[in-house]
Amino acid sequence: MKKLFSVLLAVCVVAGIVSLAGCGNSGRVTINVYNWGEYIDESVLSDFEAETGIRVNYTTYASNEEMYAKVASGAASYDVVVPSDYMISKMIEEGLLAELDYNNIPNYRYIGEDYKSLEFDPDNRYTVPYTWGTTVLIYNKTMVDPADVADQSWDLLWNEKYANQILMFDNPRDAFGIALKKLGYSMNTQNRDEWEQAAQELKKQKPLVQAYVMDQIFDKMGSGEAAIAPYYAGDALIIQQDNPDIDYYLPKEGANFFVDCMCVMKNSEHKTEAEQFINFMCQTDVAVKTADVIGYATPHTAAKEALDPELTSNPVVYADAATLANTEVFLNLTPEIGKLQSELWTNIKKD
Amino acid sequence: MKVLSRIYNYLIFAFLYAPILVMIVFSFNSEKSRTHFGGFSLRWYEALFHDQVILKSLYLSLLVAFLSAVIATLIGTLASIGIHSMRGVKRKAYLAVNNIPVTNPDIVTAISMMILFVFFVTRFHGMEMGFGTLLISHITFNIPYVILSVLPKLRGLNANIFEAAQDLGCPPVPAFVKVVIPQIFQGIVTGFIMAFTLSLDDFVISYFNSGSTAQTLPVTIYSMTKRPYSPKVNALSTLLFVAVMVLLIVVNLRRNGDQKKEVNV
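Residues numbered from 1 in each chain as written. Chains lettered and ligands numbered in written order. Predicted model: local features only at pLDDT ≥ 70, side-chain atom pairs only at ≥ 80, totals over all residues. Heavy atoms only, no water.

### Side note on the overall build of chain B
Heads up, the rule is: Per the convention used, a helix needs a DSSP run of H or I reaching at least four residues, while a strand needs a run of E reaching at least two, with both numbered from the N terminus. We call a residue buried when its accessible area falls under 20% of the maximum for its residue type, exposed when it is over 50%, and partly exposed in between, using a 1.4 Å probe and counting protein chains only. Between two residues, a contact is recorded if the distance between any of their heavy atoms is within 4.5 Å.
When its secondary structure is counted, chain B shows 11 helices and zero strands. Put simply, chain B runs from its N terminus to its C terminus through helices and strands in the order α-α-α-α-α-α-α-α-α-α-α. Principal-axis analysis of the C-alpha atoms places the extent of chain B at approximately 70 × 65 × 35 Å. Considering chain B as a whole, with its 265 residues, one finds that 38% of them fall into the buried category. Taking contacts inside chain B between residues at least 6 apart in sequence as the whole, the part at least 24 apart equals 70%.

### Some points on helix H3 (residues 64–72) of chain A
Every buried residue belonging to H3(A) is among Asn64(A), Glu66(A), Met67(A), Tyr68(A), Lys70(A) and Val71(A), and all of these are buried. Each element contacted by the buried residues of H3(A) is listed here: strand S1 (30–36), strand S2 (55–61), strand S3 (80–81) and helix H4 (85–93) of chain A together with helix H9 (204–209) and helix H10 (217–223) of chain B. One or two positions beyond H3(A), positive phi appears at Gly74(A), with a value near 80 degrees.

### Comments concerning the packing of helix H7 (residues 159–167) of chain B against helix H8 (residues 172–201) of chain B
All names here are of chain B. Operational definition: Axes here refer to lines fitted to C-alpha atoms; in helices the fit is confined to the stretch in contact. Angles between the N-to-C directions go from 0 to 180 degrees. Here is the rule for handedness: rotate from the far helix to the near one, and if that takes an anticlockwise turn smaller than a right angle the crossing is left-handed, while a clockwise turn gives right-handed. Ten residue types, Ala, Val, Leu, Ile, Met, Phe, Trp, Tyr, Cys and Pro, are classed as nonpolar, four, Asp, Glu, Lys and Arg, as charged, and the remainder, Gly among them, as polar.
Where H7 meets H8, the axes come as close as 9 Å, and the angle between the chain directions of the two elements is 145 degrees. Where H7 crosses over H8, the handedness of that crossing is right-handed. Side by side, H7 and H8 meet where Ile-161, Phe-162, Ala-165 and Gln-166 of the first sit next to Pro-172, Ala-175, Phe-176, Val-179, Val-180 and Gln-183 of the second. Counted by class, the contact of H7 with H8 contains eight nonpolar, two polar and no charged residues.

### Some details on a nonpolar patch on the surface
So the rule is basically this: Distance thresholds for patches are 9 Å for like charges and 5 Å for nonpolar side chains (Val, Leu, Ile, Met, Phe, Trp, Tyr), applied to residues having over 30% relative accessible area and no salt bridge. Computed by Shrake-Rupley with a 1.4 Å probe, the accessible areas treat only the displayed protein chains as cover when residues are assessed. For salt bridges, the criterion is a side-chain nitrogen of Lys or Arg within 4 Å of an Asp or Glu carboxyl oxygen.
On the surface, a cluster of nonpolar side chains totalling about 730 Å² of accessible area is made up of Met1(B), Val3(B), Leu4(B), Ile7(B), Leu11(B) and Phe15(B). Note on placement: Ile7(B) falls in helix H1 (residues 2–27).

### Thoughts on the layout of surface pockets
For clarity, the threshold we go by: Cavities and pockets are defined on a 1 Å grid built over the protein atoms alone: a cavity is a set of grid points where a 1.4 Å probe fits but cannot escape, while a pocket is an open set with protein on both sides within 12 Å along at least five of seven lines, and lining residues are those with an atom within 4 Å of any such point. Grid points are joined across faces, edges and corners, and a volume is the space filled by probe spheres set on the points.
Space inside the largest pocket adds up to approximately 1200 Å³. Contributing to the lining of the largest pocket are 38 residues, with Ile238(A), Gln241(A), Asp292(A), Val293(A) and Lys32(B) lying nearest its centre. Elements with a contribution of two residues or more to the lining of the largest pocket: helix H8 (217–222), helix H9 (233–242), helix H11 (284–294) and helix H13 (309–312) of chain A together with helix H2 (43–50) of chain B. Ranked by residues supplied to the lining of the largest pocket, first place goes to H9(A) with six residues.

### Notes on the side chain of Asn57(A)
Relative to the helices and strands, Asn57(A) resides in strand S2. Excluding its chain neighbours within four sequence positions, the residues that come into contact with Asn57(A) are Thr30(A), Ile31(A), Asn32(A), Val33(A), Ser212(B) and Thr213(B).

### Section: the confidence of the model for chain A
Any segment with low pLDDT has predicted coordinates that should not be analysed in fine detail. Residue and element names in this part refer to chain A. Which entries qualify depends on this criterion: Every residue gets a pLDDT, meaning the predictor's confidence in that residue, from 0 to 100.
In this model, chain A carries a mean pLDDT of 90, and residues with pLDDT of at least 70 account for 92%. No element of chain A has a lower mean pLDDT than helix H1 (residues 2–22), at 56, and none a higher one than helix H10 (residues 271–281), at 97. pLDDT under 50 marks residues 21–25. Its contacts with residues more than four places away, or in other chains, come to six contacts.

### Things to note about the interface of chain B and chain A
Worth spelling out the cut-off: Polar contact criterion, stated in full: a pair of N or O atoms within 3.5 Å, where within protein one must be able to donate a hydrogen and the other to accept it, and residues adjacent in sequence count only if both atoms are side-chain atoms.
Contacts between the two partners involve 38 residues from chain B and, on the opposite side, 40 residues from chain A. Linking chain B to chain A there are one salt bridge. The residue Glu38(A) makes a salt bridge to Lys232(B) at a minimum N-O spacing of 3.6 Å. Summed over the shared surface of chain B and chain A, the result is nine residue pairs in polar contact (both at pLDDT 80 or more). The set of elements that each furnish at least two residues to the side of chain B that touches chain A consists of helix H3 (52–84), helix H5 (106–123), helix H6 (131–155), H9 and H10 of chain B.

### Looking at unusual backbone geometry
One non-glycine residue, Asn124(A), lies in positive phi territory at about 50 degrees. Here the phi dihedral of Asn164(A) falls at roughly 70 degrees; this positive angle occurs in a residue that is not glycine.

### Description of the pattern of salt bridges
All names here are of chain A. Following the criterion strictly, the structure yields 16 salt bridges over all chains and no others. For Lys-271, the salt bridge is made with Glu-275, and the minimal N-O distance between the two is 3.2 Å. Of this pair, Lys-271 and Glu-275 are both found in helix H10, four residues apart, which corresponds to roughly one turn of the helix. The residue Lys-339 makes a salt bridge to Glu-343 at a minimum N-O spacing of 3.8 Å. You can see Lys-339 and its partner Glu-343 sitting in helix H15 (residues 335–350), four residues apart, about one turn around the helix.

### Some thoughts on the pairing of strand S6 (residues 209–213) of chain A
Residues and elements named next belong to chain A. Test applied: Paired strands, as defined in this entry, are two strands with at least two bridges between them according to DSSP.
Within S6, four of the five residues are buried, which leaves the element mostly enclosed by the surrounding structure. Bridge count for strand S5 (residues 166–169) against S6 is four bridges, and the pairing is parallel. Within S6, the residue paired with Ile-166 across the bridge is Val-209.

### A look at the packing of helix H4 (residues 88–103) of chain B against H6(B)
All names here are of chain B. Rule in force here: In these notes the angle categories are as follows: under 35 degrees is roughly parallel, over 145 is roughly antiparallel, 65 to 115 is roughly perpendicular, and the rest is oblique.
For the pair H4 and H6, the least separation of the axes is 9 Å and the interaxial angle reads 140 degrees. It follows that H4 is oblique to H6 by the angle criterion. Contact with H4, carried on its side by Arg-91, Leu-95, Asn-98, Asn-99, Pro-101 and Val-102, involves Pro-144, Tyr-145, Ile-147, Leu-148, Leu-151 and Arg-155 of H6 and no other residues of that element. The residue inventory of the contact of H4 with H6, partitioned by class, reads eight nonpolar, two polar and two charged.

### Some details on the nonpolar core
Formally: Think of a nonpolar core as a cluster: buried Ala, Val, Leu, Ile, Met, Phe, Trp, Tyr and Cys residues, connected wherever their side-chain atoms sit within 4.5 Å.
Among the nonpolar cores identified, the biggest contains 141 residues, and Val81(A), Met91(A), Val128(A) and Ile228(A) are the most heavily contacted of them. If we ignore the near neighbours within four places in the chain, the residues touching Val128(A) are Leu100(A), Tyr102(A), Ile105(A), Tyr108(A), Ile111(A), Cys261(A), Met262(A), Ile278(A) and Cys282(A). With 20 residues, the next largest nonpolar core counts Leu134(B), Ile139(B), Ile184(B) and Ala195(B) among its residues.

### What about the packing of aromatic side chains?
The geometry of two aromatic rings is summed up by the distance between their centres and the angle between their planes. All names here are of chain A. We apply this condition: Aromatic rings from Phe, Tyr and Trp, taking only the six-membered ring of Trp, are treated as a pair when their centres fall within 6.5 Å; an angle between ring planes under 30 degrees marks them as stacked, one over 60 as edge-to-face, and anything in between as tilted. Charge-over-ring placement is defined geometrically: NZ (Lys) or CZ (Arg) within 6 Å of the ring centre, and within 35 degrees of the ring normal.
Counted by the stated rule, this structure contains 34 aromatic pairs over all chains. Between Trp-132 and Tyr-318, the ring centres sit 6.1 Å apart and the planes meet at 85 degrees, which makes this aromatic pair edge-to-face. In this pair, Trp-132 sits in strand S4 (residues 128–140) while Tyr-318 sits in the loop between H13 and helix H14 (321–324), placing the two residues 186 residues apart along the sequence. Accessibility assignment for this pair places Trp-132 and Tyr-318 in one class, buried. Joined through ring pairs, the aromatic side chains of Tyr-34, Trp-36, Tyr-39, Tyr-61, Tyr-78, Tyr-130, Phe-169, Phe-218, Tyr-231, Tyr-232, Phe-258 and Tyr-296 make up one cluster. Here Lys-90 stacks its cationic end above the ring of Tyr-68, 4.7 Å away from the centre of that ring. Positioned above the aromatic ring of Tyr-108 is the side chain of Lys-116, whose terminal nitrogen or guanidinium carbon lies 4.3 Å from the ring centre.

Next up, the structure:
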């Protein structure tokens, strides 16, 4: 009896402390915003708080998968999240995202038509685009023969002349995307045979690859340790600032076109305030600040005009609609294809 | 032979401290590059003190580290006194229970605690994961370390001293505070410092148990690594390193001072 009592007491104490945490901030509404690390000008958060009286609890993540794991675990509740295209389609399928009331987001009108009605949200019900970009091929002008880049193709990544100077994406989705595009297939193909062929291409490329990397590309390309690497357009500019010998192009076979969007979670208790926040982020002056800090292209038409014309006239970073016609957004893969992809990828990496 | 051992010694130190040295040097870089040093500048320190997201999580990390260390030290010290007075199988059982969380992989501790918290949160409305759950989880993983550093001190303690104090007319509680605590104080301080540092650099447990509101510093820094990471992190780490260094030097100087005093007596 005494033991049972002490166990009950312990449970009550735990419950008490957990509930204490819940009622810390009464009165003012607080919204939880979950965004990529280093993906905002933090000063706009206090501007928003001052203007609306809504408190913002701002936390950050490093990848779509990390964000998804946290959101889906039930251990955390967020109001605003900023997933990328394929993760948006997955979250819509699983019913995690709320349909937005666009009457509360009048600044949505500034978003360019090129970034609306995309495949992951064809009727514009869930998303407000935040940034966009494409993958590009980055190379060092002093290390690569101009003749080899003349045809602006992904083939450069398979050029034996540059064995051990080539870097490749260390994630299956981007790596297979390039191989599929090189073969002329869709990045979202459902055809198993095409995936197998892409895997063969990546296997063929492996002996030439110096390393499979993600953000180490900044160091390796910046210091001239490697000559060729695929990465995101906005980041190519950052590497170029570091090393003026760097140049880049959008391969003619087409590339991945990615869009990160602001969305509201279905279980948000402050949906109106969350929409108010999204609307604030689409205010022209705020969008300009955001674009300045991130360096990726903004879908905000008025903000684009206010930015440095040298940047917005860049034909790669701000690729025009004709060029973008050749690019593709990632869609959520079916479970079977997803499984095939990870099997093939493990196979490539292991031998 | 002596030369060889000296070289070996230097090599070990080089491996231990070279990365930290590089980090400190690059925190003063005037450029964003991680490979090229463009000149001395304090711009990353300035940027660091303007970064609300980093500062907020630093504050939260320090608060959680301090609170969890204080509470875990209290609970842990009392627990070790209890365990110390036990004998035989019971004592062994308690020690084993205490050691399991220490050897358990962090990820298991983290997930199991998260499942427990999620269970509570979904059953009882109005509860929410956040600072409270973060603090509980940190206290939980800190307690065994405090016990492990206080118990040996108790073992070295002469049990008769406590009884002698009572024989001389001191009531049990003051006797405990004035006689036992000073003797095991070193162990308590070690336990506290260990709990504090473990809590400060924990990633896995904080990541799973912080809910949507409480983000600690390691989690924030990790989230910055996808993009070309900012040298602000170098500046921050340098400051933390210097702070810990100063703290250790102060603690050591004090200890040396105490020893000298004892010799003089």
